[in-house]
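Chain by chain, the residues run as shown.
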Amino acid sequence: MLVRRLRELDAKPWKNGGGNTRDLAAAPPDSTLADFDWRVSIAEVAADGPFSAFPDIDRVIMLVDGAEMILDVDGITHRLNRFDTLAFAGEATVLGAVPSGPTRDLNLMTRRGCATGSMHAVDVAERHEVEVGPGEAVLLVALTDGLTMHDEPLEPLETAKALEKFEALDSVIRETPGTVRISGTGTVAVIRISTLPKA
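Residues numbered from 1 in each chain as written. Predicted model: local features only at pLDDT ≥ 70, side-chain atom pairs only at ≥ 80, totals over all residues. Heavy atoms only, no water.

A. Looking closely at the overall build of the protein chain. Of the regular secondary structure elements, the protein chain holds zero helices and 17 strands. Compactness check: the protein chain gives a C-alpha radius of gyration of 17 Å against a globular reference of 16 Å for 199 residues, within 12% of the reference. Structurally, the protein chain occupies a C-alpha span of about 50 × 45 × 30 Å along its principal axes. Across the 199 residues that make up the protein chain, the buried fraction comes to 48%. Put simply, of all contacts in the protein chain between residues at least 6 apart along the chain, 71% involve residues at least 24 apart. Carbon together with sulfur atoms contributes 52% to the accessible area of the protein chain, which is approximately 9,700 Å² in total. (Helix = DSSP H or I, 4+ residues; strand = E, 2+ residues; numbered from the N terminus. Rg over C-alpha atoms; globule rule 2.2 N^0.38 Å. Buried < 20%, exposed > 50% of the residue type's maximum accessible area, 1.4 Å probe, protein only. Contact = heavy atoms within 4.5 Å. Areas by Shrake-Rupley, 256 points an atom, 1.4 Å probe, with all protein chains shown as cover.)

Encoded structure:
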């Protein structure tokens, strides 16, 4: 399992100047925006503006910081509150607005024919376990403070060895079968990616 600390991630400015992106994980590891199979990042949106087009890519975003984000996707308006998700095609015409000020969102992008993925928020009350199957990658992103990762069963919780304490937007990725164990009280984003067989 690989832990990524938000404070250690470089912020890369968007070409249009509307915000920054911090990369969490991608496959293949040395891929670029032109040839990734899947990619997960955190975007900091500073101003209203258009989204970049990504043909042949399926996208899911989750608002993780800020009051709201309003997206116009091919003429249909969607209002996202904190921890809401929206899936849309990468080639769609998307206009974003942040009427209450800057926001941050999680972005999952998967290339059609190479990978599929999903993302949702889970409230943790004491403990939570996520199973990773063959051919899968799972990222857990802490959406709040107060969560801890473990590498052994959480029963009994009092003696379970703690590996890492997370701050908000720290993350862990596992790409081999097994279990990711989280304890504490808070909210975590579970991003699950399945790699498709190559044609």
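Read on for the rest.
B. Up close: the sheet that holds strand β7 (residues 69–73). Across the sheet, four strands lie side by side as β5-β10-β7-β8; this open sheet has antiparallel pairing. In this open sheet, the two edge strands, each paired with only one partner strand, are β5 (49–50) and β8 (76–80). Bridge count for β7 against strand β10 (residues 94–97) is four bridges, and the pairing is antiparallel. Bridge pairing in β10 places Asp72 opposite Leu95. (Pairing = 2+ DSSP bridges.)

C. Representation of the packing of aromatic side chains. Overall, the coordinates contain one aromatic pair when judged by the stated rule. Summarising the aromatic geometry, the rings of Phe51 and Phe88 are spaced 6.3 Å apart at their centres and angled 65 degrees between planes, so their arrangement reads as edge-to-face. Highlighted residues: Phe51 in the loop between β5 and β6 (57–65) and Phe88 in strand β9 (residues 85–89), separated in sequence by 37 residues. The same class applies to Phe51 and to Phe88, which are both buried. A cation over a ring is seen here: Arg111 above Phe36, with NZ or CZ 4.9 Å from the ring centre. (Phe/Tyr/Trp six-rings, centres within 6.5 Å; stacked < 30°, edge-to-face > 60°. Lys NZ or Arg CZ within 6 Å of the ring centre and 35° of its normal.)

D. Representation of unusual backbone geometry within the structure. With an omega dihedral of -10 degrees, the bond running from Ala27 to Pro28 counts as a cis peptide bond. Along the polypeptide, Pro28 turns up in the loop between β3 (19–27) and β4 (38–45). The phi torsion at Asp74 lies on the positive side, around 50 degrees, for a residue other than glycine. Structurally, Asp74 is set in the loop between β7 and β8.

E. Inspection of the nonpolar core at higher detail. Ranked by internal contacts, the top residues of the largest apolar core, which has 25 residues, are Trp38, Leu106, Leu139, Leu143, Ile191 and Ile193. Taken together, the elements giving at least two residues each to this core come down to β3, β4, β6, β11 (103–111), β12 (115–132), β13 (136–142) and β17 (178–195). Apart from the residues lying within four places of it in its own chain, the contact partners of Leu143 are Met62, Val64, Arg82, Phe83, Leu106, Ala121, Ala168, Leu169, Thr187, Val188 and Ala189. Grouped together as the second largest cluster of nonpolar side chains are 15 residues, Val122, Val130, Leu147 and Met149 included. (Core = buried A, V, L, I, M, F, W, Y, C linked by side-chain atoms within 4.5 Å.)

F. The arrangement of the environment of Leu2 in detail. Assignment of secondary structure puts Leu2 in strand β1 (residues 2–4). In the structure, Leu2 is positioned 23 residues away from Ala25 in sequence and 9.7 Å away in space, judged by C-alpha atoms. If sequence neighbours within four positions are ignored, Leu2 has contacts with Ser171, Val172 and Ile173.

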